[in-house]
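Listed here are the chains, written in short residue letters.
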Amino acid sequence: MSFVYEEYDVAVIGAGHAGCEAALACARLSLKTIMFTISVDSIAMMPCNPNIGGTSKGHLVREIDALGGEMGKNIDRTFIQSRMLNLSKGPAVHSLRAQADKMEYSKSMRMVLENTPNLTIKQAEIIDIITENNKVTGVKTSSGAIYPCKAAIICTGTYLNARCIYGETVHYTGPNGLQAATHLTEALKKLGIEMMRFKTGTPARIDKRTIDFSKMTEQKGDEKIVPFSFTNKPEDLKREQVSCWLTYTTPETHEIIRANIDRSPLFNGNIQGTGARYCPSIEDKVVRFPDKDRHQVFIEPEGNYTNEMYVSGMSSSLPEDVQVKMYRSVPGLENAQIVRNAYAIEYDCINPSQLKPTLEFKKIEGLFSAGQFNGSSGYEEAAAQGIMAGINAAMKLLGREPVVLDRSQAYIGVLIDDLITKENTEPYRMMTSRAEYRLILRQDNADLRLTKIGYKIGLIDEERYQALLRKEELIEKEINRLKNTIIGANSQVQELLKSLNSAPLTTAVTLADLIKRPELNYEMLKSIDHERKELPDDVIEQVNINIKYEGYIKRQQMQINQFKKMENKKIPEDIDYYAITGLRIEARQKLDKFRPVSIGQASRIAGVSPADISVLLIYLMQYNSKNKSE
């Protein structure tokens, strides 16, 4: 017997970081939304690392915030340490990272979800997606209950047919011993969806009372807090911070691992899933880099509520007895007591080439997906996909234009474009090196790039939008003032330049010219800038970066203009690539498989050469000309 509940606009399957953002986006856009989770207690759970942000991932979080998402606000509410990474490098790779209180992070996000209008939370396992004529009409739970809906967003993370493994021990559960989802994979296969099997892992958690911190290097948080959310001010987030600690593996650690490598499921064939290249286990590191005699290990608190410490850098699936020896060979961990063993987790996910740039399945109307289910890794990557899947499900149901961010607009655009155009044989991780236009796609200007889009969508309110316009005006006015303020070679100026180890002036220059000198910046020139008004820190930051890197930014903008031309050359949905003479066989096969929406996207598909693109461009000219004449 089945039970038919009231109809919803959108059903979100999963309540991890992708599911939370997807559900909030739909509900905030006034769609009647239901979010399903195997356990309500696992909403926004952090099953692995206890932090948000980091290199390139910090960019994603600030972009989510700029669009009207929740992750940035939530980590601002619940962080216990905040640090800006890569400050010794240029602003393009500066990345914010915060340690979270895991339990508070989950509780805080759950409170937001539970108090969002139009959003219902239901504890249930979804076992089937109901379709009619390849169009979503509902979802079915393990109890037989049917929930009619117009769109569904799959955000199942690492739960599908999940298997947790260390040594010879295998648990058929999701992360942290939670129930796995064991039926949905088969239902998806029946819909013609191609599935893959990936693997990730997590290190042990260790009792803080058994750690000797005197043998480690303390890492404190930044004194000046930079918020993740553009709605927050640094002074509002001032709080006491906890420390993290740095130690290293030893030759003894590596010897223990090598001596037991045949007992690792990663190397003895017990694990079939493919792991993330850029987040390897300690076994992987030791085997892959035999010349290195040590690897960094960060000891990170899981929260203020617990003594559990996360051993970052030592993810493993070795047997329990080996884990004890291995961790205790690390300086400071000689007497460590393991609270939770390290383990690897295998799970089912999809080949993301089956998705449109909107994250809707090409062959099933109204079915969207996001997060680790799409073959990516990481909380931030999941949340970024979640908000975009939620936005586009909403746009579809509201009869509005889809929202697709391209590679020149956002790291989110790079992430989704990479997923749907590249043959991903391992969990995808965002990195700054993947973004061609990273000087323009900085974390500090995410609001200037994306808040207007969030406003147009309906996720940014009028007050925040007006604040952005005021910020833009202040930046523009100050840059113009600096470009038009002439400074002469008087004694005060020469004295200041000398004190800052900067060459003396031989002629009058503008303040902007001085800021462009590598050794100088906006703040340093305060004493000789007599017309200067007090400005907010975030405005000063933009003024300084835009002047200092003006030449590079202009050059990158020219590259973006060329990129946009290719992106704007759209390819008809019904194009028959096998009918285009001149295309190589491999190109026909790849283009037919990926079904790119533009020439730009087609050019990024592996196996499609520049010569194939030339053929395609000529064909499209003839195709468009023929259609116009008709």
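Under an unreviewed UniProt entry, the name given to the protein is tRNA uridine 5-carboxymethylaminomethyl modification enzyme MnmG, and the source organism is Herbinix hemicellulosilytica. Regarding the protein, the UniProt comment filed under Sequence similarities (unreviewed entry) reads as follows: "Belongs to the MnmG family." Here is the UniProt Cofactor (unreviewed entry) comment for the protein, exactly as written: "FAD".

(A) Summary view of the side chain of Thr 202. When you line up the elements, Thr 202 lands in strand E13 (residues 195-202). Polar contacts involving the side chain of Thr 202 include one to the side chain of Arg 205, which spans 3.0 Å. Leave out the neighbours within four places in its chain, and Thr 202 touches Pro 47, Cys 48, Tyr 310, Ser 315, Ser 316, Ala 342 and Tyr 343.

(B) Quick peek at the sheet that holds E13. The four strands lie next to each other as E12-E11-E20-E13, forming an open sheet whose pairing is antiparallel. Taken across any chain shown, the strands that pair with only one partner, and hence form the sheet edges, are strand E12 (169-171) and E13. Within the sheet, the average angular offset between the axes of one strand and its neighbour, ignoring direction, is 25°. Bridging between strand E11 (residues 163-166) and strand E20 (residues 343-350) involves three bridges; their strand directions are antiparallel. Along E20, the bridge assignment pairs Arg 163 with Glu 346.

(C) Structural detail: the packing of aromatic side chains. Applying the stated criterion to the full structure yields six aromatic pairs. Ring plane angle 45° and centroid distance 6.5 Å describe the contact between Tyr 8 and Tyr 147, whose orientation is recorded as tilted. In this pair, Tyr 8 is assigned in strand E2 (residues 8-13) and Tyr 147 in strand E10 (residues 145-154), connecting sequence segments 139 residues apart. Each member of the pair Tyr 8 and Tyr 147 is classed as buried. Measuring from ring centre to ring centre gives 4.7 Å for Phe 213 and Trp 245, while their planes differ by 35°; the resulting arrangement is tilted. Of this pair, Phe 213 sits in the loop between strand E14 (205-207) and strand E15 (217-219) while Trp 245 is found in strand E16 (residues 244-248), placing the two residues 32 residues apart along the sequence. Chaining the aromatic ring pairs together yields one cluster made of Tyr 8, Phe 36 and Tyr 147. The ring of Tyr 8 carries the charged tip of Lys 32 above its face, separated from the ring centre by 5.0 Å. In this structure, Arg 532 is placed above the aromatic ring of Tyr 522, and the distance from its NZ or CZ to the ring centre is 3.7 Å.

(D) Local environment of the domain arrangement of the protein. For the protein, the assigned domains read domain 1 (8-201 + 347-457), domain 2 (205-344), domain 3 (463-559) and domain 4 (569-628). Taken over C-alpha atoms, the centre of domain 3 sits 47 Å from the centre of domain 4.

(E) Geometry of the UniProt feature "binding site: FAD" (unreviewed entry) in the protein. UniProt records the feature "binding site: FAD" (unreviewed entry) for Gly 14, Ala 15, Gly 16, His 17, Ala 18 and Gly 19 in the present numbering. With respect to the secondary-structure elements, Gly 16 resides in the loop between E2 and helix H1 (17-28). Counting through the fold element by element, Gly 19 comes out in helix H1. Residue classification places Gly 19 among the buried residues on the basis of a relative accessible area of 0%. If we ignore the near neighbours within four places in the chain, the residues touching Gly 19 are Val 12, Gly 14, Met 35 and Cys 155.

(F) Region of the structure containing empty space enclosed by the protein. This model, assessed by the stated rule, comprises two cavities of 30 Å³ or more. If you add up the space inside the largest cavity, you get close to 40 Å³. What lines the largest cavity is Pro 357, Met 388, Asn 392, Val 403, Val 404, Leu 405, Ile 412, Gly 413 and Ile 416. Among the elements that line the lining of the largest cavity, the one with the most residues is helix H10 (residues 411-421), at three residues. Residue composition of the lining of the largest cavity, grouped by class: seven nonpolar, two polar and no charged. The computed volume of the second largest cavity comes to approximately 30 Å³.

(G) Representation of the side chain of Arg 532 in the model. Mapped onto the elements, Arg 532 comes out in the loop between helix H14 (511-515) and helix H15 (537-548). Note on Arg 532: relative accessible area 16%, which makes it buried. A polar contact of 2.8 Å, which involves the side chain of Arg 532, links it to the backbone oxygen of Tyr 522. Leaving out residues up to four positions away in the same chain, Arg 532 has contacts with Glu 478, Arg 481, Tyr 522, Glu 523, Leu 525 and Lys 526.

(H) Geometry of the environment of Lys 189. Tracing the sequence through the fold places Lys 189 in helix H5 (residues 184-190). Judged by relative accessible area, Lys 189 falls into the partly exposed class, the value being 44%. Along the primary structure Lys 189 and Glu 401 are separated by 212 residues, whereas in three dimensions their C-alpha atoms are 30 Å apart.

(I) Here's a closer look at helix H12 (residues 462-483). Its 22 residues give H12 an end-to-end C-alpha distance of 32 Å, which sits within 8% of 32 Å, the value for a rise of 1.5 Å per residue. Listed in full, the buried residues belonging to H12 are Arg 464, Tyr 465, Leu 468, Lys 471, Ile 475, Glu 478, Ile 479, Arg 481 and Leu 482.

(J) Geometry of the pairing of strand E6 (residues 95-100). Along E6, five of the six residues are buried, which leaves the element largely enclosed by surrounding structure. Two strands pair when backbone bridges link them, and strand E4 (residues 51-53) and E6 are joined in this way by three bridges, in the antiparallel orientation. Its bridge partner lying in E6, Gly 53 is registered against Arg 97. Where strand E5 (residues 79-85) meets E6, six bridges bridge the pair, whose relative direction is antiparallel.

(K) The arrangement of unusual backbone geometry in detail. Although it is not a glycine, Ser 30 sits at a positive phi angle of roughly 70°. Looking at where Ser 30 falls in the secondary structure, it is placed in the loop between H1 and strand E3 (33-37). What makes Ser 30 exposed here is its relative accessible area of 56%. Here Leu 359, not a glycine, exhibits a phi torsion of approximately 75°, which is positive. Relative to the elements of secondary structure, Leu 359 occurs in the loop between E20 and strand E21 (367-369).

What counts and how
Residues numbered from 1 in each chain as written. Predicted model: local features only at pLDDT ≥ 70, side-chain atom pairs only at ≥ 80, totals over all residues. Heavy atoms only, no water. UniProt positions renumbered as here; feature names shortened; annotations may be inferred. Helix = DSSP H or I, 4+ residues; strand = E, 2+ residues; numbered from the N terminus. Polar contact = N/O pair within 3.5 Å; in protein donor to acceptor, adjacent residues only side chain to side chain. Contact = heavy atoms within 4.5 Å. Pairing = 2+ DSSP bridges. Axes fitted to C-alpha atoms, helices over the stretch in contact; angles between N-to-C directions. Phe/Tyr/Trp six-rings, centres within 6.5 Å; stacked < 30°, edge-to-face > 60°. Buried < 20%, exposed > 50% of the residue type's maximum accessible area, 1.4 Å probe, protein only. Lys NZ or Arg CZ within 6 Å of the ring centre and 35° of its normal. Domains from an automatic or database assignment. 1 Å grid on protein atoms, 1.4 Å probe; cavity = no way out; pocket = protein on both sides within 12 Å on 5 of 7 lines; lining within 4 Å. Points joined across faces, edges and corners; volume = space filled by probe spheres on them. Nonpolar A, V, L, I, M, F, W, Y, C, P; charged D, E, K, R; others polar. Expected span 1.5 Å × (residues − 1).

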